[in-house]
Amino acid sequence: MPAADTAHFKISELVCKHCGQGAGYIQPALMAALERVRERYGKPMLVTSGYRCALHNAEIGGAKYSAHKEGKAADIADPQGELASLLTPETCAELGIWIEDPRATRGWVHITIRPAAQRVFWP
């Protein structure tokens, strides 16, 4: 079943910034997870990267097996570090998400619905 818009996010916010494609790859579980985070955060969240086609992922130096290419990850702007501060390991576990260690992603938060073995993720 394809993902659908939520109360705070539209599928169009998560399509590939390079080619505009990928709506069919975005996982419903990712949309639900983003909505849970948004509800907990209580403030608007700007998606800076959602689905990435293989070409776009390669051009920006994304991981070979990036969850973005599977529609399972989104990067959210976080210039003040507020969202990163909220998403403690305990909060991530409660919300059913993993984030890349915020010390490695200052200015943004990488949220995914699956852990990655190659990087440090919480929980």
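Calculation rules
Residues numbered from 1 in each chain as written. Predicted model: local features only at pLDDT ≥ 70, side-chain atom pairs only at ≥ 80, totals over all residues. Heavy atoms only, no water. Helix = DSSP H or I, 4+ residues; strand = E, 2+ residues; numbered from the N terminus. Buried < 20%, exposed > 50% of the residue type's maximum accessible area, 1.4 Å probe, protein only. Contact = heavy atoms within 4.5 Å. Areas by Shrake-Rupley, 256 points an atom, 1.4 Å probe, with all protein chains shown as cover. Lys, Arg positive; Asp, Glu negative; His and termini not counted. Charge placed at Lys NZ, Arg CZ, Asp CG, Glu CD. Phe/Tyr/Trp six-rings, centres within 6.5 Å; stacked < 30°, edge-to-face > 60°. Polar contact = N/O pair within 3.5 Å; in protein donor to acceptor, adjacent residues only side chain to side chain.

### Focus: the overall build of the chain
Okay, step 1: Along the chain, the regular secondary structure elements total four helices and five strands.
Okay, step 2: Start at the N end of the chain and walk to the C end: the helices and strands fall as α-β-α-β-α-α-β-β-β.
Okay, step 3: Seen through its principal axes, the chain has C-alpha atoms that stretch 35 × 30 × 25 Å.
Okay, step 4: By residue count, 42% of the 123 residues in the chain fall in the buried class.
Okay, step 5: The contacts in the chain between residues at least 6 apart in sequence include a share of 65% that link residues at least 24 apart.
Okay, step 6: Of the roughly 6500 Å² of accessible surface on the chain, 55% is carried by carbon and sulfur atoms.
Okay, step 7: With 14 positive and 13 negative side-chain charges, the chain shows a separation of 4 Å between the mean positions of the two kinds.

### Quick word on the packing of aromatic side chains
Okay, step 1: One pass over the full model with this rule turns up one aromatic pair.
Okay, step 2: With a centroid separation of 5.1 Å and an interplanar angle of 5°, the aromatic rings of tyrosine 25 and tyrosine 51 are classed as stacked. Taken as a pair, tyrosine 25 in the segment before α1 (28-41) and tyrosine 51 in the loop between β1 (47-49) and α2 (54-59) lie far apart in primary sequence, 26 residues in all.
Okay, step 3: For tyrosine 51, a relative accessible area of 10% translates into the label buried.

### Examining the side chain of aspartate 101
Okay, step 1: By secondary structure assignment, the location of aspartate 101 is in the loop between β3 (98-100) and β4 (107-112).
Okay, step 2: For aspartate 101, the side chain forms a polar contact with the side chain of arginine 103, separated by 2.5 Å.

Just distances and angles here, no functional claims.
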